[in-house]
Amino acid sequence: MAEAEAKMKQFNGGGAGLDAERGRFPYCVVWTPIPVLTWLFPIIGHMGICTSTGVIRDFAGPYFVSEDNMAFGKPVKYWKLDPSKVYSTGPNAWDTAVHDASEEYKHRMHNLCCDNCHSHVALALNLMRYDNSTSWNMVKLCFFSLLYGKYVSIGGFVKTWLPFVLFLGVIVTIVLTLHLR
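Residues numbered from 1 in each chain as written. Predicted model: local features only at pLDDT ≥ 70, side-chain atom pairs only at ≥ 80, totals over all residues. Heavy atoms only, no water.

Caption draft 1: Focus on the sheet that holds strand 6 (residues 150-151). A sheet is described by the order of its strands in space; here six strands give the open sequence 4-3-2-1-5-6, paired in antiparallel fashion. Strand pairing shows two members of the sheet lacking a second neighbour, strand 4 (64-67) and strand 6, which therefore form its edges. The strands touched by helix 4 (residues 117-127) are strand 1 (28-33), strand 2 (45-50), strand 3 (56-61) and strand 4; relative to strand 2, the strand with the most contacts, the crossing angle is about 25 degrees. (Pairing = 2+ DSSP bridges. Helix = DSSP H or I, 4+ residues; strand = E, 2+ residues; numbered from the N terminus. Contact = heavy atoms within 4.5 Å. Axes fitted to C-alpha atoms, helices over the stretch in contact; angles between N-to-C directions.)

Caption draft 2: Representation of the pairing of strand 3 within the structure. Most of strand 3 is tucked away: five of the six residues are buried. Note that strand 2 and strand 3 share two bridges and pair antiparallel. Residue pairing in the sheet places Cys-50 in a bridge with Ile-56 of strand 3. Note that strand 3 and strand 4 share four bridges and pair antiparallel. Counterpart to Asp-58 in the pairing with strand 4 is Ser-66. (Buried < 20%, exposed > 50% of the residue type's maximum accessible area, 1.4 Å probe, protein only.)

Caption draft 3: Structural view of the nonpolar core. Counting residues in each nonpolar core, the largest one holds 25 residues, and the members touching the most others are Ile-49, Trp-94, Leu-125, Met-128, Tyr-130 and Leu-141. At the level of secondary structure, the elements contributing two or more residues to this core comprise strand 1, strand 2, helix 3 (93-105) and helix 4. Residue contributions to this core peak at six residues, all from helix 3. Apart from the residues within four sequence positions on either side, Leu-125 is in contact with Ile-49, Leu-81, Tyr-130, Ser-133, Trp-136 and Leu-141. Of all hydrophobic cores here, the second largest spans eight residues; its members include Phe-25, Cys-28, Val-30 and Cys-50. (Core = buried A, V, L, I, M, F, W, Y, C linked by side-chain atoms within 4.5 Å.)

Caption draft 4: Spotlight on the environment of Ile-34. In this structure, Ile-34 sits in the loop between strand 1 and helix 2 (37-40). For the pair Ile-34 and Met-47, spaced 13 residues apart in sequence, the C-alpha to C-alpha distance is 9.9 Å. Excluding residues within four positions of it along the chain, Ile-34 makes contact with Trp-39, Gly-45, His-46 and Phe-72.

Written out as structure tokens, the structure reads:
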């Protein structure tokens, strides 16, 4: 039992304060697949940002920012950020930035390509001046999440990649079948 927990902790990155069972990911950017879209493009999904206590905030649709109820299900991936890299001043700068970004996005229309959940997370990181930067955007977040994100479990990895592999298998089978005739 202890060995299994140690392996899981190693797989999860051993992040302190993380509790995937309860859906708590303090100081993290979280990600979950979007059905059909992620099946075709596995690096594209739904993103949220967590408070210092791990409460997930995500821009889930027009004029709506959800709290602890991600639009497409529980996170399958997280990217643990370092709260000491917040350069904004004031008490609880992290939580204030997440709150202010969420309040801003409660007044915005959702646009799949231009103003979406990734933009909401980028605004929060820009407001807190994470890593002394105000140039966070959708592309940078997508790339960094792909590079530094860790899967919550093996099931999360499978949920993300299996549909794509099956879809690719069907395409390859069809192409080979048509070329062999």
